[in-house]
Amino acid sequence: MNETASTTAWRDYVLRRGDAAVELLRAAAEARSLTLIMGDGFDPRTLQTLRSVVRLGVPARVVAVQLPPGPGYGAGTELVERNRQDLAALVTQHNLEMIEISEPDDADRLSIGSRQARRLLSDGVVTAHDSVVVDISALPSRVFFPVIGSLLELGKVSGTGELLVTVSENPTLDGRILSDGVSDAGPITGFVNGFSVDIDERRITMWAPIVGERSAAELEAIYELLQQPQEIHPILPFPAINPRRADDLVLEHHTLLFERLDVDPSNIIYVDESNAFDAYRALTNLFHRSRELLAHVGELQLVVSTHASKMLSAGACLAAWESSLPVVTASPTSFGIEDAPDDDWVDSSSTMCCMWLHGTPYR
Amino acid sequence: MRTYQNPFRSRASEQYRDTFGFLRYVGASVLDLVPETVWDRPLIVRSASGGGKTTLLRLFTVESLQEVADHREDLPELSGRLEKLGALDSQGPAKSGFLLNLGRDYRMLAHSGASEDIASRLFLRLLDARIAAAAIRAVLSANGLSYPSDASEVVFVPRLTDEGVVRSIDRLGGARGDEIVASAQATESEIANLLDSLLPVDWSAASRGHTELYSLRLLSNADITVRNTPLRQAPLLLLDDGHALEGYQRRALLGAMLDRTVTIGRWYAERFEALPTEELLQDDTPGRDFEVLELERAARLPGRRRVNRLLHDVGNLRASRHLERYARGGRDFFEYLEDPGTDITAEHVDDVRKRALAAADGRAHFEAVIEAADHGDQLFEHAVSLRSAEILIERAKSRPQLELFDAPEAVVTTPAASSGVNAAARLFVCREQRLSYYAGEDIVVGLASQNVEQFLRICGDIFEYMLGRITLDEPPTVTAERQQLLIRRASETYWRELSARVPHSPDVLSLLHRIAQVSVAETERKTAPYPPGVNGIAISMADRARLLDPDARTRIPGADRLFEALGVAIARNVIIAEPNYSVKNTRVMVLYLNRLLCPRLYLPFQRGNFRERSITEVASWLLEPAAPSVAAEPLFEP
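About the cut-offs
Residues numbered from 1 in each chain as written. Chains lettered and ligands numbered in written order. Predicted model: local features only at pLDDT ≥ 70, side-chain atom pairs only at ≥ 80, totals over all residues. Axes fitted to C-alpha atoms, helices over the stretch in contact; angles between N-to-C directions. Helix = DSSP H or I, 4+ residues; strand = E, 2+ residues; numbered from the N terminus. Parallel < 35°, antiparallel > 145°, perpendicular 65-115°, else oblique. Left-handed = near helix turned anticlockwise from the far one by under 90°. Contact = placed C-beta atoms within 7 Å. Nonpolar A, V, L, I, M, F, W, Y, C, P; charged D, E, K, R; others polar. Buried ≥ 20, exposed ≤ 12 C-beta atoms within 10 Å, placed from the backbone. Arc of directions from axis to C-beta. Pairing = 2+ DSSP bridges.

### Focus: the packing of helix α6 (residues 116-142) of chain B against helix α10 (residues 247-258) of chain B
Residues and elements named next belong to chain B.
Line of reasoning, step 1. Across the interface, α6 lies against α10 with an axial gap of 11 Å and an inter-helix angle of 50 degrees. Between α6 and α10, the interaxial angle falls into the category oblique. In terms of crossing hand, the pair formed by α6 and α10 is right-handed. Of the residues in α10, those in contact with Glu116, Ser120, Phe123 and Leu124 of α6 are Tyr248, Gln249 and Ala252.
Line of reasoning, step 2. Residues of the contact of α6 with α10, tallied by class, amount to 4 nonpolar, 2 polar and 1 charged.

Take a look at the structure:
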């Protein structure tokens, strides 16, 4: 895909994996102590970034974002408890400061993230000069989108501080995480960006879902919300560790995509599974190119939704924040994992990735 | 290669930007469900997802009414019914309907972090802005003018000069359309920025809001003029997706709509999900000041053939043009579906006879019954007659020992005497001989469980097969065998997808599996005591009262979970509840399986047969999840 001049903020970007990712954390901690924002979910990768930080021995504090309890099943709820105990042990052992951002009682699924993100700033948990690392491994998109968005907004206003995002990649483990139920679709607060489904002859709604496995119910719920968008651009992962993954996704969702949603196969966009910035570029380019082409017809509303890996979701978050794109979600009502995997296996088979989004490299 | 479209793959209400395309697909019979007194009081429309609420509301928008008026000859049934209801007259639309979706950002306001007082006032202010702007837009559309450029042509002239109307004009930004539109846009922008802020918000500085819906007051107490001419059409407010509102927002809105000083037509639609479980389990709709239309429930009341007629219309309207174009066929969609039992052969009849004779066990009076039943003009009816004889023999065998002077032949009546036994025999023959049972128009329409979305899904699968045949240059006829395969596959998919689509799915699935197990066990009994079979359970109304009582629930293990699961299952139309059903001098609440769950288990889907269970037993099911009720045999024969 051709670059456009509009791809600005992360035209050149910083993304590292494995040991090199850990080195980024060390570099970010040089000026100020690290503030690590993480979720307290069931995902076995929850503590991987924190363990890397304590191994580095850099000064740090932990901000644990509480997640809605929700019904879990299998070993999911047991894992939440285990993660909490391990987190408490690490904090005690390394004498770390820990702050908990509780879940607001009166917030719904779509606004919890933005309420917690605003609290980070209003309560002074994070200030404009901090070096902040957001680990999204255990955070759902409806939480980490507003958290990253708020911190980017803070950085944009202040021009100071550092912002890094880490994610622990493990496609095998992703495949073992199960979910059930699907909530009604809606825009994530903080990323509504003027989203509307009311009749308006001037509005052209385009939908770019990042398609993942077992996401048919989510896709259908969002399609229903959007009420027949004029164009759909499914985003599929290629290249990928499993080179057939994009084909498998097409097979899995064939009836939905091509019969019910009437997707034009030439609309499919492929992005590198392991690079959030590729998804960011693809969405940003799609938006600017389409807006320009359709300018004489009407006003473009490009709606983004994510149903695949955290890495690609992070890319969508950057594109949505930069170009003010609405992000909608219809997330499962509960998650679970049939068998809790062994910690050693999780560590050896997961790769930590780190994206530096704001701060020193861009100044 | 030529590409074909499947017209069942998108819902009618989703044909969003093409009004005529939408109207062409709508079955006019849906208007038969609309009560007659809907213009002078609020109408509340409820259904499960996909029940047809949006379609119904959209029919009354000024754009739809205008389109029908412009194409009366193309849409004779729609125009006739709309005229009868008073929405159309000889000059065109008599109503200026405007549709607003409540599934937008209103709920966000309730969860924004603002106090309930501030959030409530902002909610009413935002809704006011949108109602006023939408009303002006509809008025302009009805008069062939453009929105928003011609908004200044619309003027609200108060009929009363009371303080309330004056305040309404002030709060809405003025009496001229352009003033109101400008104010509405400013309100939209201001509130959207607050709600979507990624940085902290000072809500105390955002407290300007409304304490009532001024737009309804203005629309009720002002004459509307367009270019100095009085507006001919009466405004009609159509609110959709009310279930998306927060509880207090919903109550405030319904309160405003029920206000007797409001005189404009106002319709409000929501899914059953909006109702608390207590209301879902009620058998009566409260209130007399408003009309309630519950689409699925209305469909089950006497006269439900109207709904089957509606689905029949929807199927034929969607498919006819495509079939005509693709296959040059002049027949209706349903005429391409073969009836059940057409795949039977003489060998099947022989096999049924052998079974019956084995049941007779060499006893002469039983064999005489078989001989009497051993006839039939058509093979399928012949087999059913023989299988009915077997049921009657089994019933006779299971009776207590005969009295001394009972004549043996008196224990068996002729098969023709009982249509119930014949219905059970029909199912048994099909299941045992692997013949098609789920085929034909009545089955396809019945499987919808009065839900349009479910109906479209089944028809979509059948039409897909038709397209395959058309591609091979074959007639699009669908054999009974193929229909059964497609329908059972749809049923299988529905079962499988429940866990991904239904909240609290482990408990809902446990409940469904147990109801299915009871139904299968009763249906498979040799004596067919509840012909043609069972597809639900019932709890007494006294037990239902215990389920509704929070204190009583604490004393019944599993009752709280049952309460939650039942609420979800009924709201999502997975279980169909019929409270206050009269049986054996008592009253029960029947819980039927959604009909699409039945083919997977070879269950019939006729209503009326269920088994009673105590609330204690049903609640205990959720504490000990059942093994899945899926049959042990493979679903699809090689």
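Moving on from the coordinates now.
### With respect to helix α1 (residues 18-28) of chain A
Residues and elements named next belong to chain A.
Line of reasoning, step 1. Within α1, the full set of buried residues consists of Ala21, Leu24, Leu25 and Ala28. Within α1, the buried residues cover an arc of 100 degrees as seen down the axis, which keeps them to one side. Set apart from the buried face of α1 by more than 90 degrees, the exposed residues are Asp19 and Ala20.
Line of reasoning, step 2. Its buried side turned inward, α1 meets β1 (14-17), β2 (34-39), α2 (48-56), β6 (131-135), β7 (162-169) and β17 (351-358).

### Quick word on the pairing of strand β14 (residues 299-306) of chain A
Consecutive side chains of a regular strand alternate in pointing toward one face of the sheet and then the other.
Residue and element names in this part refer to chain A.
Line of reasoning, step 1. Taken across its 8 residues, β14 has 7 buried, putting it largely inside the fold.
Line of reasoning, step 2. Examined bridge by bridge, strand β10 (residues 203-210) and β14 share 8 bridges and lie parallel to one another. For Ala208, the partnering residue across the bridge sits in β14 and is Val304.

### A closer look at the sheet that holds strand β8 (residues 234-240) of chain B
All names here are of chain B.
Line of reasoning, step 1. Strand order in this open sheet of 5 strands is β4-β8-β9-β1-β10, and the pairing throughout is parallel. Of all the strands in the sheet, just β4 (95-101) and β10 (291-294) have a single pairing partner and so form its edges. Direction aside, the axes of adjacent strands within the sheet are offset by 15 degrees on average.
Line of reasoning, step 2. Pairing analysis gives 4 bridges linking β8 to strand β9 (residues 265-271), with the strands arranged parallel.

### Some details on the sheet that holds β7 of chain A
Residue and element names in this part refer to chain A.
Line of reasoning, step 1. Ordered by their spatial adjacency, 7 strands build an open sheet running β1-β17-β7-β6-β2-β3-β5, and the pairing between neighbours is mixed. The open sheet terminates on both sides in strands that have one partner only, identified here as β1 and β5 (97-101). With direction set aside, neighbouring strand axes in the sheet form an average angle of 20 degrees.
Line of reasoning, step 2. Taken together, the 5 bridges between β6 and β7 define a ladder with parallel strand orientation. In the strand pairing of β7, Asp135 is matched with Thr166.
Line of reasoning, step 3. Along the sheet, α2 contacts β2, β3 (60-65), β6, β7 and β17; its crossing angle with β2, the most-contacted strand, is approximately 160 degrees.
Line of reasoning, step 4. In the packing of helix α5 (residues 141-158) onto the sheet, the strands contacted are β2, β3, β6, β7 and β17, and the crossing angle to β6 comes to about 165 degrees.

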